There are 2 protein chains.
Amino acid sequence: MKTLKIPEATIIRLSVYSRFLTQADQRGIITISSGEIAEGVGVSPAQVRKDLAYFGEFGTRGVGYNVKDLHHNIMKILGLNSYWPAIIVGAGHLGTALCMYGGFKERGFKIVGMFDNDPDKIGENINDIFIYDLAKLDYIIKKEKVKIGIMAVPAGVAQDVADKLVSADIKAILNFAPKVINVPGSIATRNVDLTVNLEILTFNLGLSKDN
Amino acid sequence: MKTLKIPEATIIRLSVYSRFLTQADQRGIITISSGEIAEGVGVSPAQVRKDLAYFGEFGTRGVGYNVKDLHHNIMKILGLNSYWPAIIVGAGHLGTALCMYGGFKERGFKIVGMFDNDPDKIGENINDIFIYDLAKLDYIIKKEKVKIGIMAVPAGVAQDVADKLVSADIKAILNFAPKVINVPGSIATRNVDLTVNLEILTFNLGLSKDN
């Protein structure tokens, strides 16, 4: 079933649905309709049904979805039913902000270490996370069975760090460096361009100017 | 023409195309085909043509696109042919990282001030950007004709800061706080959830496990 090409927008919405379902569950709600999910997250009911239909039949016609079951299924689809050890390369402001970001832990991502090449930072702790020498990258990734590397390094060293992560056998890279990195196709990669978000806003500002 | 509903994925790709065209222009390329753009950014030629077709006819059949003209047109579509004064609320690690992020300036976004309520931070400079008292938010937004507010504050104060930005007549908000904010529909808003990016990776890791 998973070999279908799933639009990325669907995955993003599944992530949003799962947060909404967590809240619904906490409020003691047992069953929920696609209409209620849709209203809660601001999409159409048809969109909710279409997104879920990629992965099978979860609800009962005329009754709706069991909140706990649907949440469990979505978390499984997102790969969040297991624990994901991750590391952050770069202990600058962005790396530190990411290390202190509460949202990761909530969703099953555990930062097991940070890495830097600055002797003043190596050996320090941020938010109880130890900063290792970049030279230890390979050793720690293998020892802690780390699957995900988060890069918060300057553009100039991004490709070099990506190459080191690849040779340490990392499975996925989330790249915050303002430079697209080249890695083998077998490694799941996302380049997070913080500027793109601003550009979507200015596009929308342009729209509202015209209307 | 702009009243059509444009998919957000199209806007994101336009942003990518414009960067590619900048590079092509710097290499002295005069005309380019949809196939060459497609290959350069990793999408299909049909996708490039479809994305551009939302906004009119830019190329000449059999010849391709003039690189400078197409770049200029895309920048105009994205609202990047003008200068966007912006502010950052929150001078913590994330706010500081955003303030030092080189990508914003390159694309016409100028950070004209930061804001915090910590007396130790107020009056300091980060990257030559002054940190103002949060109480001055309304005054500076109006004085500098700021259109875009970037929020890098804790979840607990996010709605309060958003309300302050709204009453200061901001036009767009980019929210990095891990909490969805409620603002009037007339204000362009984006909630950047850093965790969603990790979840897209784990979804893709799940796929490769299955295959």
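Residues numbered from 1 in each chain as written. Chains lettered and ligands numbered in written order. Predicted model: local features only at pLDDT ≥ 70, side-chain atom pairs only at ≥ 80, totals over all residues.

> Outline the overall build of chain A, listing residues and values.
Per the secondary structure count, chain A includes nine helices and nine strands. If one aligns the C-alpha atoms of chain A with their principal axes, the spans along those axes are about 60 × 50 × 35 Å. With 211 residues in all, chain A has 41% of them scored as buried. A separation of at least 24 residues holds for 55% of the contacts in chain A among residues at least 6 apart in sequence. (Helix = DSSP H or I, 4+ residues; strand = E, 2+ residues; numbered from the N terminus. Buried ≥ 20, exposed ≤ 12 C-beta atoms within 10 Å, placed from the backbone. Contact = placed C-beta atoms within 7 Å.)

> How would you sum up the nonpolar core? Please name residues and give values.
Residues Ile87 and Met151 of chain A together with Ile87 and Met151 of chain B are the most contacted members of the largest nonpolar core, which totals 126 residues. Those residues in contact with Ile87 of chain A that sit more than four places away from it in its chain are Ile111, Val112, Gly113, Met114, Phe115, Ile140, Ile141, Val146, Gly149 and Ile150 of chain A. (Core = buried A, V, L, I, M, F, W, Y, C linked by C-beta atoms within 7 Å.)

> Outline the domain arrangement of chain A, supporting the account with residue identities and numerical values.
Structurally, chain A comprises domain 1 (8-77) and domain 2 (84-195). Relative placement of domain 1 of chain A and domain 2 of chain A: their C-alpha centres are 32 Å apart. (Domains from an automatic or database assignment.)

> Tell me about the interface of chain B and chain A, and name the residues and values.
Every contact between the two is made by 49 residues of chain B and, on the other side, 50 residues of chain A. Counting residues per element, the ones that place at least two in the side of chain B that touches chain A are helix H1 (8-26), helix H5 (93-100), helix H6 (103-106), strand S8 (172-175), strand S9 (188-191) and helix H9 (194-210) of chain B. Taken together, the residues of the side of chain B that touches chain A sort by class into 28 nonpolar, 13 polar and eight charged. (Nonpolar A, V, L, I, M, F, W, Y, C, P; charged D, E, K, R; others polar.)

> If you had to explain the environment of Asp133 of chain A to someone new, which residues and values would you point to?
Residue and element names in this part refer to chain A. Summarising the element assignment, Asp133 is placed in strand S6 (residues 129-133). Of the residues examined, Asp133 has 16 C-beta atoms within 10 Å and is grouped as partly exposed. Linking Asp133 and Ile122, residues 11 residues apart in sequence, is a C-alpha distance of 5.6 Å.

> How would you summarise the sheet that holds S8 of chain B if you had to cite specific residues and measurements?
Residues and elements named next belong to chain B. Spatially, seven strands are ordered S5-S6-S4-S3-S7-S8-S9 in an open sheet, and the strand pairing comes out mixed. Of all the strands in the sheet, the pair left with one neighbour each is strand S5 (125-126) and S9. Sheet contacts for helix H8 (residues 155-167): strand S3 (84-89), strand S7 (148-151) and S8; angle to S7, the most-contacted strand, approximately 170°. (Pairing = 2+ DSSP bridges. Axes fitted to C-alpha atoms, helices over the stretch in contact; angles between N-to-C directions.)

> So, the sheet that holds strand S8 (residues 172-175) of chain A: which residues are in play, and what are the values?
All names here are of chain A. Strand order across the open sheet formed by seven strands is S5-S6-S4-S3-S7-S8-S9, with mixed pairing between neighbours. A single partner strand is all that each edge strand has here, and the edge strands are strand S5 (125-126) and strand S9 (188-191). Sheet analysis places strand S3 (residues 84-89) next to strand S7 (residues 148-151), joined by four bridges and oriented parallel. Its bridge partner lying in S7, Ala86 is registered against Ile148. In the packing of helix H8 (residues 155-167) onto the sheet, contacts are made with S3, S7 and S8, and the angle to S7 comes to roughly 170°.

> Report on unusual backbone geometry, specifying residues and quantitative values.
Residue and element names in this part refer to chain B. In this structure, Asp128 is a non-glycine residue whose phi angle is positive, near 65°. Tracing the chain through its elements places Asp128 in the loop between S5 and strand S6 (129-133). Phi at Asp169 is positive, roughly 70°, even though this residue is not glycine. For Asp169, the position within the fold is in the loop between H8 and S8.

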